[in-house]
Amino acid sequence: MKYTKSNFMMSVVGIIIYITDLIVDIWVSVRFFHEGQYVFGVLTVSFMLVGTLVVQCFSYSWYKADLKKAGQESQHRFLLLHCLQGGIFTRYWFALKKGYHVAFKYSSKTDNFIEEQIDPHKEVIDGVTDLSMLRLFETYLEGCPQLVLQLYTCLEHGQANISQYAALMVSCCAISWSTVDYQISLRKSLPDKNVFTGPCPKLTYLFYKFFTLLSWTLSVVLLLFLNVKIALYLLSFFWFLGILWAFKNQTKFCASISMEFLYRIVVGFVLIFTFFNIQGQNTKCPMSCYYIVRILATLGILIVLWACPLSIFNSDYFIPISIIIALALILGIIFLIVYYGTLHPNKSKERKPDEIDGKPVQIECRMKYFLME
């Protein structure tokens, strides 16, 4: 289990995308307020605040848990940094600082490592995995709603300004990057899990997630044009089902009951947009049910929309978007079948945990309870 130079570069790209996404979201919100579109401006800011507040809560609770596990007292400076919304930047700072040292300067014969039996590679990988999990949360809590909102505003006015095009492009990049980076980091952090081998599984996984998410996002946008209340009721219903499934699986992600409750709420929200295995178990049946429901919901939305008078919609984009929805869904399901049928890491031979000086690596860590695929 090594933290390589390519892993370090992925972390660098990750923070660039994160900062760019933040700047573009602020740009879009200011543009909305300047143009008098206060509802859209408030929604944009609200999505940003909700996403970052939830992420700061998880980040600080993990810092507290790690310090307690190490026998140290909780430091007030970490609380202050998280209150100032600097938790992610703090984690990126430590990840890049330690990651650079490990990837470019570390020697396996370091005396400190021999004496303390601490693997710096594992320490950095665990930190990067925590960070990738937080970015995944923020992406789906803030990025996906932002994507729906920007698509809606673009189609409503029949045109978009440069800030909205930038927001759409950056949101797609952020969602795609965080989803793939999360899976790579998570599997690398768990010695008993097989890692991705080669670019083919990563690209197939990326296309599976991208096309299924694109199809569903566009379906929701069209439903919003038909009736905003119906769309919100449908999304709230799926959110409720996701929360129920998290409670049914009795997830054990957080140390405190309140944070575990928040985690299950977040998991339910993530499940609105894409499927994740929340217990690391065999979920062939739940995933099949999930995408059967997704297909039926998408088809139902398209049938209802086509049954409505076309005068409700602008035919210049309604027919092309309907075709894109159908094709994206088909492609997404195809990539899903290919990924799980032939390219999933579990298809390779079982991976044995690494050993350090003859002692097996302990995997009783937070990462083993992360969302798994």
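Structure first, text after, so check above.
All figures in this text were calculated on a predicted structure; none of them were measured in a lab.

Undergrad: Tell me about the packing of helix α6 (residues 120–157) against helix α7 (residues 162–189), and please be specific about residues and values.
TA: In the contact formed by α6 and α7, the axes pass within 8 Å of each other and the chain directions differ by 155 degrees. Between α6 and α7, the interaxial angle falls into the category roughly antiparallel. Remark: the crossing between α6 and α7 carries left-handed chirality.

Undergrad: Pulling in residues and values, what's your account of empty space enclosed by the protein?
TA: For the coordinates displayed, the defined rule picks out 3 cavities of 30 Å³ or more. Space inside the largest cavity adds up to approximately 120 Å³. As for the largest cavity, its lining consists of M10, S11, G14, Y92, V128, L131, S132, R135, W177, S178 and D181. Where the lining of the largest cavity is concerned, the elements lending two or more residues are α1 (5–34), α6 and α7. The dominant element in the lining of the largest cavity, judged by the number of residues it contributes, is α6, at 4 residues. Looking at side-chain class alone, the lining of the largest cavity contains 5 nonpolar, 4 polar and 2 charged residues. One number sums up the size of the second largest cavity: a volume of about 90 Å³. Contributing elements (two or more residues each) for the lining of the second largest cavity: α1, α6 and α7. Grouping the constituent residues of the lining of the second largest cavity by class yields 5 nonpolar, 4 polar and 2 charged.

Undergrad: Explain the packing of helix α2 (residues 38–69) against α6 to me, using residue names and the numbers behind them.
TA: Helix packing for two helices is described by the angle between their axes and how far apart those axes are. It is the contact of α2 with α6, at a shortest axis distance of 9 Å, that shows an interaxial angle of 175 degrees. Relative to α6, the element α2 is oriented roughly antiparallel. Each residue belonging to the contact of α2 with α6 can be placed in one class, and the counts come to 15 nonpolar, 8 polar and 5 charged.

Undergrad: Summarise the side chain of T212; cite the residues concerned and give the values.
TA: Topologically, T212 is positioned in helix α8 (residues 199–226). Of the residues examined, T212 reaches a relative accessible area of 2% and is grouped as buried. Among the polar contacts made by the side chain of T212, one reaches the main-chain carbonyl oxygen of Y208 at a distance of 2.7 Å. Setting aside residues up to four positions removed in sequence, T212 forms contacts with Y291, R294, A328, G332 and I333.

Undergrad: Explain the pattern of salt bridges residue by residue, including any values.
TA: Side chains bearing opposite charge may pair, as long as their charged atoms lie close to each other. Scanning the model with the defined rule gives 5 salt bridges in all. With a shortest N-O distance of 3.6 Å, E138 and R135 are connected by a salt bridge. Of this pair, E138 and R135 both sit in helix α6, separated by 3 residues, roughly a single helical turn. Across the salt bridge formed by E260 and R264, the nearest N and O atoms sit 3.5 Å from each other.

Cut-off values and rules
Residues numbered from 1 in each chain as written. Predicted model: local features only at pLDDT ≥ 70, side-chain atom pairs only at ≥ 80, totals over all residues. Heavy atoms only, no water. Axes fitted to C-alpha atoms, helices over the stretch in contact; angles between N-to-C directions. Helix = DSSP H or I, 4+ residues; strand = E, 2+ residues; numbered from the N terminus. Parallel < 35°, antiparallel > 145°, perpendicular 65-115°, else oblique. Left-handed = near helix turned anticlockwise from the far one by under 90°. 1 Å grid on protein atoms, 1.4 Å probe; cavity = no way out; pocket = protein on both sides within 12 Å on 5 of 7 lines; lining within 4 Å. Points joined across faces, edges and corners; volume = space filled by probe spheres on them. Nonpolar A, V, L, I, M, F, W, Y, C, P; charged D, E, K, R; others polar. Buried < 20%, exposed > 50% of the residue type's maximum accessible area, 1.4 Å probe, protein only. Polar contact = N/O pair within 3.5 Å; in protein donor to acceptor, adjacent residues only side chain to side chain. Contact = heavy atoms within 4.5 Å. Salt bridge = Lys/Arg side-chain N within 4 Å of Asp/Glu carboxyl O.

No statement about biological role is implied by the geometric values presented.
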